[in-house]
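# Residue-level structure breakdown
Listed below, chain by chain, are the residues.
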Amino acid sequence: MNFYVTILGSGAAIPTLGRHCSAQVVNINGCHMIVDCGESTQNQLRATRQKMQAFDTIFISHLHGDHIFGLPGLLASMHLCGRTEAVDIYAPKGLKRAMDVLFEISDTRLGYALNIHELELDEPTEIFSNKKCRVTAFPLFHSVPCYGYRFEETVAGRGLLPGVRERYQLAPVDIELLKQGRDLTLPDGTVVPNQQLTHPPRRPLSYAYCCDTAYTETILPAIQGVDLLCLESTFDHTLTDLAEQRRHCTAQQAAQLAQRAEVRKLMLTHFSARYKVIEELMSEAQAVFPNTIAAQDGEVITVDRK
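Residues numbered from 1 in each chain as written. Predicted model: local features only at pLDDT ≥ 70, side-chain atom pairs only at ≥ 80, totals over all residues. Heavy atoms only, no water.

## Structural notes on empty space enclosed by the protein
Taken as a whole, this structure holds one cavity of 30 Å³ or more when the rule is applied. Each pocket or cavity is described by its volume, and for the largest cavity that value is around 70 Å³. Every residue along the wall of the largest cavity is listed here: D227, L228, R264, K265, I301, T302, V303, D304 and K306. Residue classes in the lining of the largest cavity are distributed as three nonpolar, one polar and five charged. (1 Å grid on protein atoms, 1.4 Å probe; cavity = no way out; pocket = protein on both sides within 12 Å on 5 of 7 lines; lining within 4 Å. Points joined across faces, edges and corners; volume = space filled by probe spheres on them. Nonpolar A, V, L, I, M, F, W, Y, C, P; charged D, E, K, R; others polar.)

## Overview of the nonpolar core
Core analysis: the biggest nonpolar cluster contains 33 residues, and C210, I223, L229, L266 and L268 have the highest contact counts within it. Filtering out sequence-adjacent residues up to four positions away, L268 remains in contact with L231, S233, A251, A254, L281, M282, A285, T292, I293, A294 and A295. Membership of the second largest hydrophobic core comes to 30 residues, among which are F3, I7, C31 and C133. (Core = buried A, V, L, I, M, F, W, Y, C linked by side-chain atoms within 4.5 Å. Buried < 20%, exposed > 50% of the residue type's maximum accessible area, 1.4 Å probe, protein only. Contact = heavy atoms within 4.5 Å.)

## Details of the sheet that holds strand β6 (residues 114–119)
Pairing is mixed across the open sheet formed by seven strands, whose spatial order is β6-β5-β4-β3-β2-β1-β18. Edge positions in the sheet fall to β6 and β18 (300–302), since each of these pairs with one other strand and no more. Strand-to-strand twist of the sheet, defined as the mean angle between neighbouring strand axes without regard to direction, takes the value 20°. In terms of strand pairing, strand β5 (residues 87–92) meets β6 through six bridges, oriented parallel. Bridged to I89 within β6 is I116. Across the sheet, helix α3 (residues 71–80) touches β3 (31–37), β4 (57–59), β5 and β6, and the angle it forms with β5 is around 170°. On top of the sheet, helix α4 (residues 95–105) reaches β5 and β6; it is set at about 145° to β6, its chief contact. (Pairing = 2+ DSSP bridges. Helix = DSSP H or I, 4+ residues; strand = E, 2+ residues; numbered from the N terminus. Axes fitted to C-alpha atoms, helices over the stretch in contact; angles between N-to-C directions.)

In structure tokens:
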């Protein structure tokens with residue numbers, strides 16, 4: 001199984017020389033998805049050797065400019081490069097109107113279908129699924145409607161124990177039924193319980209993206225136990241009042257949420273441009289939740305069981 005997150009941008013509000021605005025690529029077994037689309041997203045796709053036309057699905061957390069100003073350019077470039085396959089975008093209500101107005105006044109016409117699914121959710125809801133993954137959206141606590149996204153790989157059903165296929169000369173239809181949990185009926189009418197022939201499916205790997213949000217424990221059920229949690233940490237703890245006012249998290253608060261959600265690893269992101277280096281934020285978070293890393297533009301993070 002391959003599950004990767006590529007960091008295109010890890011900065012908050014305005015880009016710096018070292019950090020672009022928020023954008024990521026999530027790749028689950030070849031299903032490529034873009035998460036947020038700040039300025040320079042398409043340049044960062046090129047820099048990280050991502051094929052622009054490989055993306056069919058885009059998830060937008062909220063409609064602040066540092067998360068969507070790269071979207072019109074990316075969609076237009078897809079068209080100019082000859083795209084014909086549809087693109088699906090999941091975003092808070094308002095994105096369709098924004099894109100319609102911008103494309104109208106710029107006389108931009110796309111040669112492919114653009115399907116914008118506007119979200120108005122009060123609780124975690126599965127919004128996307130295919131044979132490789134599924135995505136659940138859940139409300140965050142920000143100054144405008146904002147959603148986090150939980151990505152999980154799709155795992156196969158129960159697995160055959162060693163030697164079962166050969167011992168019982170199983171046909172493909174028998175194997176499929178066993179994977180679904182059915183018992184095996186032999187030609188003489190003997191029923192062999194499924195538990196004697198299979199093992200349970202493995203736990204799916206998971207990744208949660210939460211940006212932007214103030215500290216809120218309402219998100220704990222949605223991020224519970226994920227293998228990797230990406231959570232904003234715009235400020236350090238000395239600016240807790242400012243974080244609360246602007247509905248952002250400090251690095252310390254991000255670590256507290258990771259600890260309470262019992263996640264396996266925390267990745268900080270959305271760093272204020274005031275921080276030239278982020279060691280202070282890292283130290284603050286690691287004091288609470290040691291297994292913490294920081295998002296670095298251009299870096300590829302593997303989501304695994306290690």
